[in-house]
Amino acid sequence: MAELSTLHDAIAKHVFDGDTVAMEGFTHLIPTAAGHEVIRQGRKDLTLVRMTPDVIYDQMIGMGCAAKLVFSWGGNPGVGSLHRLRDAVENGYPSPLEIEEHTHAGMATRYTAGASGLPFGIMHGYTGTDLVDHTRVATVRSPFGEEEVTAVPALNPDVAVIHAQQADRQGNVGMWGIVGVQREVALASKRVVVTVEEVVDELDLRGPSPCVLPSWTVDAIAEVPRGSHPSYSMGYTVRDNNFYTKWDAISRDRDLFHRWMERYVTGAEDFDVYLEALDDGTLTSLVDDG
Amino acid sequence: MAELSTLHDAIAKHVFDGDTVAMEGFTHLIPTAAGHEVIRQGRKDLTLVRMTPDVIYDQMIGMGCAAKLVFSWGGNPGVGSLHRLRDAVENGYPSPLEIEEHTHAGMATRYTAGASGLPFGIMHGYTGTDLVDHTRVATVRSPFGEEEVTAVPALNPDVAVIHAQQADRQGNVGMWGIVGVQREVALASKRVVVTVEEVVDELDLRGPSPCVLPSWTVDAIAEVPRGSHPSYSMGYTVRDNNFYTKWDAISRDRDLFHRWMERYVTGAEDFDVYLEALDDGTLTSLVDDG
Amino acid sequence: MADPGYTADEIMSIVAARQLRDGQVCFVGIGLPSEAANLARLTHAPGVILIYESGTIGTRPVVLPLSIGDGELAEQADLVVSVPEIFAYWLQAGRVEVGFLSAAQIDRFGNLNSTVIGDYGTPQVRLPGAGGAPEIASSAGEVIVMLRQSKRTFVAEVDFVTSIGFGRDGAGREGHRGAGPTVVITDLGVLRPSAEDHELELVSVHPGIEPDQVRAATGWELRFSEQLETTEPPTEVELRVLRDLKERTAQAHGGA
Amino acid sequence: MADPGYTADEIMSIVAARQLRDGQVCFVGIGLPSEAANLARLTHAPGVILIYESGTIGTRPVVLPLSIGDGELAEQADLVVSVPEIFAYWLQAGRVEVGFLSAAQIDRFGNLNSTVIGDYGTPQVRLPGAGGAPEIASSAGEVIVMLRQSKRTFVAEVDFVTSIGFGRDGAGREGHRGAGPTVVITDLGVLRPSAEDHELELVSVHPGIEPDQVRAATGWELRFSEQLETTEPPTEVELRVLRDLKERTAQAHGGA
């Protein structure tokens with residue numbers, strides 16, 4: 001059964017050094033506040049798994065939380081590069097980062113296999129690309145014919161961390177809109193931590209693709225309004241495109257990055273400091289003109 | 001794009017002798033009216049595919065439409081046997097029926113593989129059962145370890161026939177509640193025929209597990225209110241448990257069965273005759289006491 | 001013998017219900033298993049999580065469903081998922097702690113037959129078939145079997161292994177996630193597989209039933225457990241709740 | 001040369017949009033492909049069905065999304081599905097007729113690189129990576145590539161094959177469902193693979209562009225088609241609709 005707790009306690013209780021951690025959210029519902037708490041608690045040697053690393057993993061990698069990254073697309077959507085990720089891969093700063101990369105379809109198939117209790121999943125893909133020589137795939141022949149398919153190993157993270165719109169007081173989690181791979185990663189992982197916009201008396205899933213995770217499949221839930229910023233939570237917040245643009249400048253410079261992280265994450269008591277800076281317009285002041 | 005048409009024309013245009021036909025609906029949303037139309041148009045040598053053959057296939061098998069049945073559970077839910085199915089298997093009446101049987105999980109995996117464009121699907125199952133010697137399964141070893149899984153061949157029927165609650169005027173189909181394998185069978189099949197309770201201006205999916213099939217994945221749509229009787233359409237009709245009970249007596253006796261089919265299906269112009277008999281209480285009069 | 005104040009079916013359902021612990025995740029078949037699981041939910045296990053193969057998860061039916069896919073199950077569920085998903089993400093992945101099964105035949109090693117009586121190619125009786133049972137038997141943490149006991153249903157070896165218990169040779173369950181059948185509840189008593197050779201042994205007889213009656217209703221030389229007990233009779237509460245549930249159900253389904 | 005009245009990016013988007021036929025099912029990436037696909041939808045192809053890898057199917061965004069998962073895409077979609085489903089049931093199953101792709105590099109055989117510049121282990125530039133591109137390149141009925149042309153982007157052989165065109169040897173696409181890249185739209189002209197050896201040839205130059213300019217911007221000895229044409233210039237309608245769309249988008253995203 002899911003335990004309603006603070007974000008601090010949820011991370012302290014379920015995320016450990018050396019864990020394989022999957023913080024998912026496909027553009028929508030990205031668990032930023034939870035990522036900041038992992039950084040704040042100084043987790044190390046994590047294997048970070050995520051289809052689209054995005055700003056959240058750029059921050060964790062830049063702060064040295066990660067030993068390895070498993071991903072399929074590592075950019076700043078609509079803006080460009082993730083500079084902390086590139087600095088780690090190209091220059092080993094702040095520390096070398098092992099990478100295992102896949103395609104989106106491959107990652108989705110791996111999570112689905114994990115959620116299904118299978119050792120691997122099958123798909124059409126990777127064939128003819130140079131990825132085959134640099135990642136974990138294999139070819140399997142159909143036992144019913146000549147056709148061959150690509151096999152990818154199941155992904156079963158130690159802990160899944162996701163952000164959803166709602167949880168009820170019994171700990172059932174509800175989300176809608178672009179739900180990405182969140183249901184699969186939650187069902188594939190040994191432990192599940194969820195931050196939500198709002199704890200409600202009764203789930204009220206008001207958008208397309210409504211999706212429920214029953215309480216008994218979740219370990220910890222923390223209410224963190226706007227916890228997905230600069231991503232968004234359909235029905236609650238909108239995407240902060242401006243922040244993604246500003247992140248390019250903040251993350252490009254090592255010193256600037258560290259000053260920003262110190263001010264809004266490691267030097268802050270909790271996510272409220274970040275939200276206050278967002279509200280008073282100072283969150284990007286380190287790179288804003290005048 | 002889906003064409004809005006009469007049930008007669010939809011079946012005439014898309015279901016042919018010798019086809020592999022999957023009429024799905026897991027207890028809920030069973031396409032009874034479409035099954036009657038297939039019988040009325042005298043289709044022969046069909047390979048009938050369905051997880052739970054139910055009354056609809058008992059009628060089609062009893063009327064000699066089928067050469068083969070692919071299924072996973074062939075009973076009258078909550079009542080007992082399907083007597084026409086048993087008569088065909090045990091006595092070859094009205095004609096011998098080849099059967100290929102699977103488990104529910106196996107059939108679901110086969111449809112999913114078909115909908116995914118894969119030649120086969122993988123699962124844990126069948127191992128240690130005598131089904132292995134009597135159906136199409138194989139063992140596949142994980143390329144990433146020692147573990148073995150069971151492979152089942154993809155199912156890609158010539159035509160899928162399903163019943164849904166709604167379609168809009170553009171031909172988008174909407175259903176909710178227990179949606180079973182309908183999305184998978186529709187996406188796995190070469191042609192898709194859908195009967196609906198109601199054609200609406202805008203889909204209004206008011207129940208759990210809402211599911212949409214866009215117009216361009218559907219070939220023909222016919223509006224047939226109560227077309228799933230004695231099954232039900234959540235939000236529109238309720239299950240006629242009494243009819244399932246009565247069907248046991250109607251189907252147990254060959255002559256009685258043929259007289260019933262002649263009166264309400266083959267001798268009837270369309271499904272309205274059946275509904276009228278349902279409304280005036282005569283639909284089961286052949287076995288009702290006085 | 002004197003009327004014990006309850007029927008054989010009632011004590012079967014009540015004893016089966018007692019096997020469930022509060023909060024357990026339970027995959028339920030239609031009929032007696034559904035009756036027993038809901039009785040448990042309405043008595044000592046209010047937090048039991050019931051899953052039906054139609055895709056309804058965490059459902060709390062007010063009346064018993066007549067079919068595995070009654071609207072009642074969807075309306076009262078925490079969530080409803082597709083049939084491919086219920087088997088892949090929920091049963092196969094090992095999220096089900098207890099599976100309830102019945103069958104036409106069970107053998108001394110707990111293997112179940114719901115496919116054919118007689119030869120597969122030329123069956124005396126063609127049964128409905130596998131449905132979801134084989135994967136429940138394989139993947140559920142443990143399996144509770146409910147079956148009325150007779151020489152016809154309790155056979156030395158099943159005609160067809162639809163769902164595996166401990167295998168035709170009783171060797172065990174290598175390659176299967178779950179522990180298999182841990183208890184078999186009948187109208188006469190309770191059987192459990194022996195730790196040594198997995199053969200089903202009589203561990204409890206229902207009040208008023210003689211052990212030899214049970215042996216006489218078994219198609220093999222039934223062994224009695226050294227700790228053979230007499231089943232606790234149904235309590236007033238168990239009987240009242242069960243009868244209320246069946247009464248509600250009969251009314252809702254128009255006596256069907 | 002005189003101002004043609006439109007920018008290089010504008011003619012790229014407009015020529016790409018012209019490739020789409022009404023009613024086609026199109027898998028769209030973010031950026032120029034999304035701009036071109038929506039331009040087609042707002043001009044000659046109102047019935048085009050746009051799918052984004054975030055799981056939004058049949059979406060009709062009023063303004064262009066900045067990310068592949070903008071809320072706008074979900075709000076305007078016929079249906080929204082999970083990411084595993086969009087790839088398995090929709091792209092892999094062959095339901096997508098046209099895929100739009102861009103990349104950091106393309107080679108003479110239409111292979112695309114969006115992974116690394118330089119050696120994989122010690123890259124000069126680490127690019128974002130594969131995303132959904134490899135399966136779009138493999139499974140879509142055909143692929144339209146949009147890429148600004150220069151010796152840096154149009155290379156004889158890509159450093160890394162992220163998404164297959166006709167393979168490093170140009171041999172073809174055995175084992176791939178789709179036909180691969182059928183057209184490459186650049187800011188200078190239009191290239192298509194030759195029927196003989198699959199090498200990209202210049203088939204059209206945009207107004208005011210000399211064929212030799214295009215060859216000079218290509219990392220291999222670019223062949224000219226015998227039917228080398230000049231691209232039809234953008235029409236007033238195409239330009240007005242495109243500029244309105246970009247204006248709406250800029251306003252909606254606060255100039256971002």
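Description of the structure in this document. (Residues numbered from 1 in each chain as written. Chains lettered and ligands numbered in written order. Predicted model: local features only at pLDDT ≥ 70, side-chain atom pairs only at ≥ 80, totals over all residues. Heavy atoms only, no water.)

With respect to the overall build of chain C
Phase 1 of the analysis: Within chain C, the secondary structure is distributed over 7 helices and 15 strands.
Phase 2 of the analysis: A compact globule built from 256 residues should have a C-alpha radius of gyration of about 18 Å, and chain C, at 18 Å, falls within 12% of that.
Phase 3 of the analysis: Along the longest, intermediate and shortest principal axes, the C-alpha atoms of chain C span 45 × 45 × 35 Å.
Phase 4 of the analysis: Burial analysis of chain C (256 residues in total) assigns 62% to the buried set. (Helix = DSSP H or I, 4+ residues; strand = E, 2+ residues; numbered from the N terminus. Rg over C-alpha atoms; globule rule 2.2 N^0.38 Å. Buried < 20%, exposed > 50% of the residue type's maximum accessible area, 1.4 Å probe, protein only.)

Quick look at helix H9 (residues 271-279) of chain B
Residues and elements named next belong to chain B.
Phase 1 of the analysis: For H9, every residue scored as buried is listed here: Phe271, Tyr274, Leu275 and Ala277. Taken down its axis, H9 places every buried residue within 160 degrees of arc, on the same side.
Phase 2 of the analysis: Taken together, the buried residues of H9 touch helix H2 (32-40), helix H7 (241-252) and helix H8 (254-266).
Phase 3 of the analysis: Taking the backbone nitrogen of Asp272 as reference, a side-chain oxygen 2.9 Å away marks Asp270 as the first, capping residue of H9.
Phase 4 of the analysis: Gly281 sits one or two residues past H9 and shows a positive phi near 80 degrees. (Arc of directions from axis to C-beta. Contact = heavy atoms within 4.5 Å. Polar contact = N/O pair within 3.5 Å; in protein donor to acceptor, adjacent residues only side chain to side chain.)

Here's the deal with the sheet that holds strand E6 (residues 105-107) of chain C
Sheets are built from strands that pair by backbone hydrogen bonding, the pairs being arranged parallel or antiparallel.
Phase 1 of the analysis: Strand order in the open sheet formed by 3 strands is E7-E6-E11 (chain C), and the pairing between neighbours is mixed. Looking at the sheet topology across the chains shown, the edges are occupied by strand E7 (112-113) and strand E11 (154-155) of chain C. (Pairing = 2+ DSSP bridges.)

Quick look at the interface of chain D and chain B
Phase 1 of the analysis: Every contact between the two is made by 15 residues of chain D and, on the other side, 13 residues of chain B.
Phase 2 of the analysis: When chain D packs against chain B, the two sides together hide about 1,200 Å² of surface, and 62% of this comes from carbon and sulfur.
Phase 3 of the analysis: Viewed at the interface, chain B and chain D are joined by 1 salt bridge.
Phase 4 of the analysis: Across the salt bridge formed by Arg183 of chain B and Glu85 of chain D, the nearest N and O atoms sit 2.7 Å from each other.
Phase 5 of the analysis: Viewed at the interface, chain B and chain D are joined by 5 residue pairs in polar contact (both at pLDDT 80 or more).
Phase 6 of the analysis: Mapped by element, the contributors of at least two residues to the side of chain D that touches chain B are strand E2 (49-52) and helix H4 (83-92) of chain D.
Phase 7 of the analysis: With 5 residues, H4 of chain D is the single largest residue contributor to the side of chain D that touches chain B.
Phase 8 of the analysis: Along the lines of polarity and charge, the residues of the side of chain D that touches chain B split into 10 nonpolar, 1 polar and 4 charged. (Buried area = accessible area lost by both parts, 1.4 Å probe. Salt bridge = Lys/Arg side-chain N within 4 Å of Asp/Glu carboxyl O. Nonpolar A, V, L, I, M, F, W, Y, C, P; charged D, E, K, R; others polar.)

Remarks on empty space enclosed by the protein
Phase 1 of the analysis: What the rule picks out here adds up to 5 cavities of 30 Å³ or more.
Phase 2 of the analysis: Looking at the largest cavity, its volume works out to about 60 Å³.
Phase 3 of the analysis: Forming the boundary of the largest cavity are Phe71, Gly74, Ser81, Leu82, Leu85, Arg86 and Val89 of chain B together with Arg126, Leu127 and Pro128 of chain C.
Phase 4 of the analysis: Looking at which element gives the most residues to the lining of the largest cavity, the answer is helix H4 (residues 83-91) of chain B, with 3 residues.
Phase 5 of the analysis: Among the residues forming the lining of the largest cavity, the class breakdown is 6 nonpolar, 2 polar and 2 charged.
Phase 6 of the analysis: As a volume, the second largest cavity reaches approximately 40 Å³. (1 Å grid on protein atoms, 1.4 Å probe; cavity = no way out; pocket = protein on both sides within 12 Å on 5 of 7 lines; lining within 4 Å. Points joined across faces, edges and corners; volume = space filled by probe spheres on them.)

Describing the side chain of Gln149 of chain C
Phase 1 of the analysis: On the secondary structure map, Gln149 of chain C appears in the loop between strand E10 (142-146) and E11.
Phase 2 of the analysis: A distance of 2.8 Å separates polar atoms of two side chains, one belonging to Gln149 of chain C and the other to Thr186 of chain C.

Overview of the packing of aromatic side chains
What describes a pair of aromatic rings is the distance from one ring centre to the other and the angle between the planes of the rings.
Phase 1 of the analysis: Counting across every chain of the model gives 26 aromatic pairs over all chains.
Phase 2 of the analysis: Taken together, a centroid distance of 5.2 Å and an interplanar angle of 55 degrees make the contact between Trp260 of chain B and Tyr264 of chain B tilted. Of the two residues, Trp260 of chain B and Tyr264 of chain B are both situated in helix H8; the distance of 4 residues between them amounts to about one turn of the helix. Across the pair, Tyr264 of chain B and Trp260 of chain B agree in class, each one buried.
Phase 3 of the analysis: A centroid spacing of 5.4 Å and a plane angle of 25 degrees characterise the contact between Tyr120 of chain C and Phe160 of chain C, whose relative ring orientation is stacked. Of this pair, Tyr120 of chain C sits in the loop between strand E8 (116-118) and strand E9 (123-126) while Phe160 of chain C sits in the loop between E11 and strand E12 (181-185), and the two are 40 residues apart along the sequence.
Phase 4 of the analysis: Note on Tyr120 of chain C: relative accessible area 15%, which makes it buried. (Phe/Tyr/Trp six-rings, centres within 6.5 Å; stacked < 30°, edge-to-face > 60°.)

Remarks on the pairing of strand E13 (residues 191-200) of chain A
Residue and element names in this part refer to chain A.
Phase 1 of the analysis: Most of E13 is tucked away, with 9 of its 10 residues classed as buried.
Phase 2 of the analysis: Bridge analysis of strand E11 (residues 159-168) against E13 gives 9 bridges, and the strand direction is parallel. Pairing of Ala160 across the sheet is with Val192, part of E13.
Phase 3 of the analysis: Examined bridge by bridge, E13 and strand E15 (residues 220-223) share 4 bridges and lie parallel to one another. Counted as the bridge partner of Val194 is Ile221 from E15.

Looking at a negative patch on the surface
Phase 1 of the analysis: Together, Glu269, Asp272, Glu276 and Asp280 of chain A make up a region of like negative charge exposed at the surface.
Phase 2 of the analysis: If you trace the backbone, Asp280 of chain A turns up in the segment after helix H9 (271-279). (Patch = residues over 30% accessible without salt bridge, like charges linked within 9 Å, V, L, I, M, F, W, Y side chains within 5 Å. Areas by Shrake-Rupley, 256 points an atom, 1.4 Å probe, with all protein chains shown as cover. Lys, Arg positive; Asp, Glu negative; His and termini not counted. Charge placed at Lys NZ, Arg CZ, Asp CG, Glu CD.)

Points about the environment of Ala140 of chain D
All names here are of chain D.
Phase 1 of the analysis: With respect to the helices, strands and loops of the structure, Ala140 is situated in the loop between helix H5 (133-139) and strand E10 (142-146).
Phase 2 of the analysis: When the C-alpha positions of Ala140 and Pro193 are compared, they lie 17 Å apart, and in sequence the two are 53 residues distant.
Phase 3 of the analysis: Apart from the residues within four sequence positions on either side, Ala140 is in contact with Leu91, Val96, Glu97, Val98, Gly99, Glu135, Gly178 and Ala179.

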